[in-house]
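A closer look at the structure
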Amino acid sequence: MSALSEEIRSKIVELCSRYPSKQAVTLPALHLVQEIYNCVSDQAVEEIAGLLELTPAQVHDTLSFYGFFRDAAHPLGKKRVWICRSISCSLRGGEDVLRDVCEQLHLQPGETTDDGSLTIEFAECLGACDGAPCMLVNDELQERISVNDVLALRGSHD
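The following refers to the structure shown. These numbers were taken from a predicted model, which means no experiment stands behind them.

1. Section: the overall build of the protein
The secondary structure content of the protein amounts to seven helices and four strands. If one aligns the C-alpha atoms of the protein with their principal axes, the spans along those axes are about 50 × 30 × 25 Å. Counting only residues that meet the buried cut, the protein has 40% of its 158 residues in that class. If you take every contact in the protein between residues at least 6 apart in sequence, the share linking residues at least 24 apart comes to 63%.

2. Focus on the nonpolar core
Counting 21 residues, the largest nonpolar core has Leu-4, Ile-12, Val-33, Val-40 and Ile-48 as its most contacted members. Breaking this core down by element, the ones donating at least two residues are α1 (6–15), α2 (26–37), α3 (42–52) and α4 (56–65). At six residues, the largest contribution of residues to this core is made by α3. With residues near it in sequence (within four places) discarded, Ile-12 still touches Leu-4, Val-25, Ala-29, Leu-32, Val-33, Ile-48, Leu-51 and Leu-52. Core analysis: the next-biggest nonpolar cluster, separate from the first, contains 16 residues, Cys-102, Ile-120, Val-137 and Leu-153 among them.

Cut-off values and rules
- Residues numbered from 1 in each chain as written.
- Predicted model: local features only at pLDDT ≥ 70, side-chain atom pairs only at ≥ 80, totals over all residues.
- Heavy atoms only, no water.
- Helix = DSSP H or I, 4+ residues; strand = E, 2+ residues; numbered from the N terminus.
- Buried < 20%, exposed > 50% of the residue type's maximum accessible area, 1.4 Å probe, protein only.
- Contact = heavy atoms within 4.5 Å.
- Core = buried A, V, L, I, M, F, W, Y, C linked by side-chain atoms within 4.5 Å.

This is the structure in structure tokens:
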């Protein structure tokens, strides 16, 4: 059975016309797969390699170079929460929010809740210092956050 749907396979093939080489499509293909499945399985790596006429090792090299990709053993939660810990956010309580959220959820940064609802991570800077402390929830910036703002994400069904 294929790890990638026909729709995803078609999108990856379509990307090839927008890049100078098939190898250059590796990164966007990995992003596409993770966006849909919350991880990139070994089978998906093999299928991406086949579509791009690369070896699985070449695709895995790209996958393992970047820290934001997850394998099937460590999938992302439904929501990926990056809590900023830049100096501005830290001075306004960002480090405390991260620590308290992790304590309450019994997690370390980079881990996912048992129910798969949240993956909590830290960011070095989200570039929203005037709204510190802030977090990125998937692709949405939230400013002036509290522990309760983060914990409330667990129950929301966006």
